[in-house]
Amino acid sequence: MIVLQHNLQKTVTVIGGGVAGMSAACALAEAGFRVRLVEQRGYLGGRASSYLHPGVGEVIDNCQHVLFGCCTNLLGFYRRVGVAELIHWTREMTMIEPGGRRSRLGPFELGPLRLPAPLHSAPSFLNAKAFALADKMSLARAMRAMMKPEALIDTRESLGAWLRRHKQTEGALNRFWRLVIGSALNAEIDAISVPYAVKVIRELFLNSAQAGSMGMSTVPLSELYAGVPRVLAERGGSVLLNTHVEGAAWNEDSAQWLICTRTGELVSDLVILALPFEATQKLLPRLPAEEGSEKLARQIERHEHWPICSVHLWFDREITELEHAVLLDREIHWMYNQSKLQTGRGGHYIELVVSATRSFAALPREAAIQQALRELAEFFPRVKEAKLEKVALVKEMHATFGVPPGIDSARPTVLSSWPNLFLAGDWVQTGWPSTMESAARSGHLAAEALGLSAENPLRCFETDLKPRGMMRWISF
Ligand SMILES: Cc1cc2nc3c(=O)[nH]c(=O)nc-3n(C[C@H](O)[C@H](O)[C@H](O)COP(=O)(O)OP(=O)(O)OC[C@H]3O[C@@H](n4cnc5c(N)ncnc54)[C@H](O)[C@@H]3O)c2cc1C
């Protein structure tokens, strides 16, 4: 109790109500800090949120967001706000070719019989009709090479160059590397640094069936964050929505920050800036001049965005019994059957996701929707008879940051050159690509660094899942 009183004297302002800011804020509140979470929009969630789309009159996610069993920090955040059980888990992935032929990938399970990692999914992979024998052999060769430590060390080579060096077939390139890995990292293979691809391969396909299991929210994304204001309020904190931060000044005498927002000023002992890189860049000229800020500005300049588009379709009838699928050889990559995935969703609502494709993102609305519908009918012929009742196209041009070779030196740590100010956001140094897990990791790392500097250490960072089976000896 005495410790709590001590902490309550320290106020923390977390700027940015995305996954990074919310993770940091809730962990700090739980540790006894009085936390104010400041968000410019009228709702929490940032790039992983849902809202009422005026065109269709439905609450939709800005895009389907998937997580995996290896996302330990995101799951830690979900547990902290009491929503971990709202995630639906699956270990199966259905790949569909134009024309409708299906291949199912997933761990081998026959009663109690399981295969040890990394062989757990080998039988389904060997059976997959989507890959010719030569594709399977080339993929197996590449995966074996990715288990070696060298694959994690060379950050100068692009994945594209590495795959060419490892003689990947066209089938393996198009149907696995460009599609599955390209969309997991949301970039073309020539713009991906090898260690990031290795990380995805190890976590999703090799380390364990648990690490690779895929999770999807059963409620619109913003509903996952309903517990955040409660967690903060329990420790005297609050959430300030519709509050755009314009700058901040450090008061040496009081050792406090004065934060300027469009609606007034806030005073705080400690600050976490949990913003995307471009919003951090905009704030830099309005922060005190510090030696390190120029370096940060140069680091930010090296970052680049990649778009993700989603097409939300409501049909008058069911077009597929599948919950989700990977669609091969076309611009549309992923199908999510939201009427099946989200609890209480009526109707026949299908969401299509197109990632890492700047050409699709550049299409005018009507052309993009027509192309998506045409392609969808190649996988699910019932689309041709179904009546399209309504449709929404969401283009997120600044969806994720790229992870090209050399990007790690442009990712700052959570420590900044300003006193009592820490950085968070998916783009800071977490070792993860632009994902909710990277955001949650950054939030937990920033919270721990802040706790240390405020002489109130806290533990909120969740460690990685341990590799299982033979991967215990192969992974490092
Ligand atoms: C279309 C799309 C699909 C994606 N798919 C996936 C997926 O399947 N799986 C996955 O793991 N990740 C996915 N991502 C990536 C994931 O959404 C992000 O990596 C993550 O949400 C980033 O969180 P963040 O808190 O770092 O940043 P943000 O979510 O951008 O949060 C920053 C917050 O700061 C606020 N802000 C900005 N400036 C100010 C200011 N001056 N004052 C106050 N507030 C401010 C913003 O409004 C925002 O709410 C996807 C992203 C998009 C856009």
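Reading the values: rules and limits
Residues numbered from 1 in each chain as written. Predicted model: local features only at pLDDT ≥ 70, side-chain atom pairs only at ≥ 80, totals over all residues. Heavy atoms only, no water. Buried < 20%, exposed > 50% of the residue type's maximum accessible area, 1.4 Å probe, protein only. Helix = DSSP H or I, 4+ residues; strand = E, 2+ residues; numbered from the N terminus. Pairing = 2+ DSSP bridges. Right-handed = clockwise from strand over helix to strand, strands pointing away. Bend = angle between axes of the 7 residues up to and from the residue. Salt bridge = Lys/Arg side-chain N within 4 Å of Asp/Glu carboxyl O. Near = heavy atom within 4 Å. Polar contact = N/O pair within 3.5 Å; in protein donor to acceptor, adjacent residues only side chain to side chain. Areas by Shrake-Rupley, 256 points an atom, 1.4 Å probe, with all protein chains shown as cover. Axes fitted to C-alpha atoms, helices over the stretch in contact; angles between N-to-C directions.

Before going further, it helps to examine the pairing of strand E1 (residues 11–15). The buried count for E1 comes to five of five residues, which makes it a mostly enclosed element. Sheet topology places E1 next to strand E2 (residues 34–38); five bridges connect them, and they run parallel. Within the sheet, the bridge partner assigned to Thr 11 lies in E2 and is Arg 34. You can see the chain leave E1, run along helix H2 (residues 19–30) and come back into E2, and the turn it takes is right-handed. Where E1 meets strand E16 (residues 270–274), four bridges bridge the pair, whose relative direction is parallel. Counted as the bridge partner of Val 14 is Ile 272 from E16.

This part takes up helix H8 (residues 170–184). The sharpest bend along H8 measures roughly 35° and falls at Trp 177. Looking one or two residues beyond H8, the residue adopting positive phi is Asn 186, at roughly 50°.

Attention now moves to the pattern of salt bridges. Summed over the entire model, instances satisfying the criterion amount to 25 salt bridges. For Arg 47, the salt bridge is made with Asp 426, and the minimal N-O distance between the two is 3.1 Å. Taken together, the positions of Arg 47 in the loop between E2 and strand E3 (50–53) and Asp 426 in the loop between strand E22 (421–424) and helix H17 (436–453) put the pair 379 residues apart, joining distant regions of the chain. Exposure remark for Asp 426: the relative accessible area of 7% places this residue in the buried category. Ionic pairing is found between Arg 101 and Glu 97, a salt bridge with its closest N-O pair at 2.9 Å. A relative accessible area of 43% means that Arg 101 is categorised as partly exposed. Taken together, the shared-partner salt bridges connect Glu 97, Arg 101, Arg 175 and Asp 329 into one network.

This brings us to the site of the ligand. Taken together, 33 residues form the shell around the ligand, and within it Glu 39, Arg 47, His 65, Asp 426 and Met 436 come nearest. Within the backbone of Val 19, one N or O atom sits 3.2 Å away from an oxygen atom of the ligand. One of the backbone nitrogen or oxygen atoms of Arg 47 is found 2.7 Å away from an oxygen atom of the ligand. Expressed as a share of its isolated accessible area of 1,000 Å², the protein-covered part of the ligand is 94%. Among the elements of the structure, H2, strand E21 (388–401) and H17 are those that each provide at least two residues to the shell around the ligand.

Moving on to the sheet that holds strand E11 (residues 214–217). Taken in spatial order, the three strands of this open sheet run E5-E11-E6, and their pairing is antiparallel. Because the sheet does not close on itself, it has two edges, and the strands there are strand E5 (66–68) and strand E6 (87–90). Strand-to-strand twist in this sheet, taken as the mean axis angle between neighbours without regard to direction, amounts to 35°. Pairing of E5 with E11 involves three bridges; the strand directions are antiparallel. Each bridged residue has a counterpart across the sheet, and for Phe 68 the counterpart in E11 is Met 214.

So, on to unusual backbone geometry. Looking along the chain, the bond that leaves Ala 117 and enters Pro 118 is cis, with omega of 10°. Its place among the elements puts Pro 118 in the loop between strand E10 (113–114) and helix H4 (122–127). The phi dihedral of Lys 167 falls on the positive side, at around 50°, and the residue is not glycine. As for its position among the elements, Lys 167 is in the loop between helix H7 (159–165) and H8. Note on Lys 167: relative accessible area 61%, which makes it exposed. Not every positive phi belongs to a glycine, and Ala 356 is a case in point at roughly 55°. Within the element layout of this structure, Ala 356 appears in the loop between strand E20 (348–355) and helix H15 (358–361). The class of Ala 356 is buried, set by a relative accessible area of 13%.

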